Amino acid sequence: MVSIKTEAKTSTTLNKSTKPPTLALKGHIFSLVQPLLDITMHVPPSYLSQYNLLPNNGVLATDSHARIFRDISERGSELGVRYSPGGMAQNSMRVVEWLLEEQQVTCVVGCVGSDATGSEMLHLMRSDGVTTHYEVSSAAPTGQC
């Protein structure tokens, strides 16, 4: 049996100017994740219709969306593309880091492809303060939506 002792510094009153409680829990909030890289951009309705997409909607990418990813890769800056880590568990860990205002309190474990999308995901998660332990696999690409 392993015993882990942590100290939690708490504040008795919280308001907008009070920082949330600080927890000395480096990597102790843990989640298994399905890493997805979210792609956000503002485009006209004609762009969506050429890929059979609906406005204000999210989809999990399939082989039928391969063309859109090539287009985004080639015209990303023109389209105003913004990438962000996605998937419910990863987003939850990012929010915990943001709320606690302390780096590396959370840890995620998942699998990404050995591709540029997986590398971008790793960079973004680490920049949000999340400790990542991704298995890198050449068997499938990193999920995107």
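Scope of this entry: the structure provided in the associated data block.

Definitions and cut-offs
Residues numbered from 1 in each chain as written. Predicted model: local features only at pLDDT ≥ 70, side-chain atom pairs only at ≥ 80, totals over all residues. Heavy atoms only, no water. 1 Å grid on protein atoms, 1.4 Å probe; cavity = no way out; pocket = protein on both sides within 12 Å on 5 of 7 lines; lining within 4 Å. Points joined across faces, edges and corners; volume = space filled by probe spheres on them. Helix = DSSP H or I, 4+ residues; strand = E, 2+ residues; numbered from the N terminus. Nonpolar A, V, L, I, M, F, W, Y, C, P; charged D, E, K, R; others polar. Salt bridge = Lys/Arg side-chain N within 4 Å of Asp/Glu carboxyl O. Buried < 20%, exposed > 50% of the residue type's maximum accessible area, 1.4 Å probe, protein only. Contact = heavy atoms within 4.5 Å. Expected span 1.5 Å × (residues − 1). Bend = angle between axes of the 7 residues up to and from the residue. Pairing = 2+ DSSP bridges. Axes fitted to C-alpha atoms, helices over the stretch in contact; angles between N-to-C directions.

**Quick word on the layout of surface pockets**
Each pocket or cavity is described by its volume, and for the largest pocket that value is around 610 Å³. Lining the largest pocket are 22 residues, with Ile 39, Met 41, Leu 48, Leu 53 and Asn 57 positioned closest to its centre. Elements with a contribution of two residues or more to the lining of the largest pocket: β4 (36-40), α1 (45-50) and α2 (66-79). Residues that form the lining of the largest pocket fall into these classes: 14 nonpolar, seven polar and one charged.

**Observations regarding the pattern of salt bridges**
This structure, assessed with the given rule, holds three salt bridges. Residue Arg 75 pairs with Asp 71 through a salt bridge whose shortest N-O separation is 3.2 Å. With a gap of four residues between them, Arg 75 and Asp 71 both fall in helix α2, about one helical turn apart. Accessibility expressed as a relative area gives 28% for Arg 75, which makes it partly exposed. A network of salt bridges, in which partner residues are shared, links Asp 71, Arg 75 and Glu 78.

**A few points about the side chain of Ser 31**
Secondary-structure assignment places Ser 31 in strand β3 (residues 29-32). Look past the residues within four positions of Ser 31 in its chain and what remains in contact with it is Ala 89, Met 93, Cys 107, Val 108 and Val 109.

**Brief notes about α2**
Taking 1.5 Å as the rise per residue, α2 with 14 residues should run 20 Å; its terminal C-alpha atoms sit only 17 Å apart, a clear shortfall. Helix geometry: α2 is bent most strongly at Ser 73, by close to 60 degrees. Residues of α2 that are buried make contact with β4, α1, β5 (82-86) and β8 (143-144). Gly 80 sits one or two positions beyond α2 and adopts a positive phi of about 70 degrees.

**Focus on unusual backbone geometry**
Here Asn 52, not a glycine, exhibits a phi torsion of approximately 55 degrees, which is positive. Look at Asn 52 and you get exposed, because its relative accessible area is 73%. Positive phi values are uncommon outside glycine, yet Asn 56 reaches one of about 50 degrees. Looking at the element boundaries, Asn 56 is found in the loop between α1 and α2.

**Thoughts on the sheet that holds β3**
Spatial ordering of the open sheet is given by β3-β6-β7, a layout of three strands whose pairing is parallel. Of all strands in the sheet, those with a lone pairing partner are β3 and β7 (131-137), marking the two edges. Strand-to-strand, the axes of this sheet are offset by a mean angle of 20 degrees, without reference to chain direction. For strand β6 (residues 106-113) and β7, the ladder comprises seven bridges, and the chain directions are parallel. In the sheet register, Val 112 faces β7, and the bridge partner there is Val 136.

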